[in-house]
Amino acid sequence: MNLDYSVLQNGDSALDIRFGAAPSEALSERIIALADAIEAARLPEVRELIPAYQCLTVCYDPLRLPVAPRDTETISSLKQRLSALIDNNLSHPARVAGERRLIRIPVCYEREFAPDMDALCAHTGLTANEVIARHTRPHYLVHMLGFTPGFLYLGGLDARLHTPRKGRPALQVPAGSVGIGGSQTGIYPQATPGGWQIIGRTPLCLFRPGDAEPFIARPLDRIEFVPISPQAFADWNPLATPEAGAISQSGTAEHAR
């Protein structure tokens, strides 16, 4: 894997650590391991770390930057300390603390919850049942969360399901909607505008700001979609805890709660 990187300014209070490698599970592991290392270093200027597919954004407090001789704030000291942490991290195998989970999310793929299923079938040449079978087969890797709080960006979508985003985004996509956009699949945690092709919906609440863990999944967890009926959707408690189990490095479920 190409571990070349650059540290670039992002606005007036953030730095992007950008990697040249293509998005992959190995790169996501590296980015999360690097975020853990920076957090453990407790740099006083750093306020937040935001992992993405090929980048780790380091948000900092400009008022806590060291002061240069002419009483001007300087970012160079923070860049130097970050570069030292990055180089040290890249010289060792990526090690990410914590349990990785396989989280099973119920999804109803019936027409009332899948307004774009016909369009996706027309594009792929597959029947709705074939789409559902292919969409529920993988254990998707959670690369990152973003766009809105708790939106899951998942890797591992079957190539036959790759479908372009809509030419004109919908003004409101219902919360829990499961969609496909290009080579990605994901879930909308809140009702928002969106341009992905919607092929189902989960009754689960994916973002719970009052909980100790507000998001249903973390980066490097895996997601499995489980088809359910409209009646099961109606009966489901949205605040129920999804079925989850620890997974090994090879991605095999070890136990379930």
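Shown above is the structure to which this text applies.
Source: prediction; values computed, not measured.

This part is about the overall build of the protein. Along its length, the protein carries 5 helices and 14 strands. Summarising its shape, the C-alpha atoms of the protein cover approximately 65 × 45 × 40 Å along the three principal directions. Taking all 257 residues of the protein together, the buried fraction comes to 47%. Relative to all contacts within the protein whose residues are 6 or more apart in sequence, the contacts with residues 24 or more apart total 62%. Total accessible area on the protein stands at roughly 12700 Å², and carbon and sulfur atoms take up 52% of it. Looking at the protein, you have 24 positive and 27 negative side-chain charges, and the mean spots of the two groups are 2 Å apart.

Bringing the layout of surface pockets into the picture now. Taken as a whole, the largest pocket encloses approximately 800 Å³ of empty space. In this structure, the largest pocket is lined by 31 residues; those nearest its centre are Ile32, Asp36, Leu49, Pro51 and Pro219. Going through the elements one at a time, helix H1 (25-41) and strand S3 (46-51) are the ones with two or more residues in the lining of the largest pocket. Ranked by the residues each element gives to the lining of the largest pocket, the list is headed by S3, at 6 residues. Of the residues in the lining of the largest pocket, the class split is 17 nonpolar, 4 polar and 10 charged.

Residue position: Gln172 is located in strand S8 (residues 170-173). Separated by 13 residues in the primary sequence, Gln172 and Ala159 have C-alpha atoms spaced 27 Å apart. In this structure, Gln172 is in contact with Ala191, Thr192 and Pro193, ignoring residues within four places of it in sequence.

What follows concerns helix H4 (residues 128-136). Of the positions making up H4, those classed as buried are Ala128, Val131, Ile132, His135 and Thr136. Looking down the long axis of H4, one finds its buried residues gathered within 115° of arc, a one-sided arrangement. Those residues of H4 that are buried are in contact with helix H3 (117-124), strand S6 (140-145), strand S9 (177-181), strand S10 (184-187), strand S12 (197-201) and strand S13 (222-227).

Within this structure, the stated rule accounts for 10 salt bridges. A salt bridge links Asp16 to Arg18; the nearest nitrogen and oxygen atoms lie 3.0 Å apart. With relative accessibility at 5%, the residue Asp16 sits in the buried group. With a closest N to O distance of 2.8 Å, Glu25 and Arg222 form a salt bridge. Of this pair, Glu25 sits in helix H1 while Arg222 sits in strand S13, placing them 197 residues apart in sequence. The exposure class assigned to Glu25 is partly exposed, which follows from its relative accessible area of 29%.

Moving on, we come to the nonpolar core. One finds Ile105, Met117, Val131, Leu152, Ile223 and Phe225 to be the most contacted residues of the largest nonpolar core, which totals 29 residues. Residue contacts for Val131: discarding those within four places in its chain leaves Met117, Leu120, Cys121, Thr124, Leu126, Leu161 and Ile199. If you look at the next biggest cluster of nonpolar residues, it comprises 21 residues, including Ala35, Ile75, Leu82 and Ile86.

Along the chain, Ala114 falls in the loop between strand S5 (101-107) and H3. A residue is classified by how much of its surface remains accessible, and Ala114, at 3% relative accessible area, is buried. The sequence separation of Ala114 and Arg218 amounts to 104 residues, and the corresponding C-alpha distance is 26 Å.

Parameters at a glance
Here the residue index of a chain counts from 1 through its sequence in written order. Only residues with pLDDT of 70 or above have their local features reported here, since the model is predicted, and side-chain atom pairs are shown and tallied only from 80 upward, although totals for entire chains, interfaces and linings are computed over all residues. For side-chain calculations, the full set of non-hydrogen atoms in the structure is used, while hydrogens and water are omitted. Strands are runs of DSSP state E lasting at least two residues, helices are runs of H or I lasting at least four, and both sets are numbered from the N terminus onward. Think of it in three bands: with a 1.4 Å probe and only protein chains considered, a residue is buried below 20% of the maximum accessible area for its type, exposed above 50%, and partly exposed in between. Throughout, a residue-residue contact means that at least one pair of heavy atoms, one from each residue, lies within 4.5 Å. Computed with the Shrake-Rupley method and a 1.4 Å probe, the accessible areas treat only the protein chains shown as cover for residues. As used throughout, the charge tally considers Lys and Arg to be positive and Asp and Glu to be negative, leaving His and the chain termini uncounted. Charge placement uses NZ in Lys and CZ in Arg. For Asp and Glu, CG and CD serve respectively. A pocket here means an open set of points on a 1 Å grid, computed over the protein atoms alone, that has protein on both sides within 12 Å along at least five of seven lines. A cavity is instead a set of points where a 1.4 Å probe fits but cannot get out; residues with an atom within 4 Å of a point line either one. Grid points are joined across faces, edges and corners, and a volume is the space filled by probe spheres set on the points. Three residue categories are used. Nonpolar comprises Ala, Val, Leu, Ile, Met, Phe, Trp, Tyr, Cys and Pro, charged comprises Asp, Glu, Lys and Arg, and polar comprises the others, including Gly. Here the arc refers to the directions that run from the helix axis out to each C-beta atom. For salt bridges, the criterion is a side-chain nitrogen of Lys or Arg within 4 Å of an Asp or Glu carboxyl oxygen. Nonpolar cores are built from buried Ala, Val, Leu, Ile, Met, Phe, Trp, Tyr and Cys residues. Side-chain atoms within 4.5 Å join them into one set.

Read these as geometric descriptors, not functional statements.
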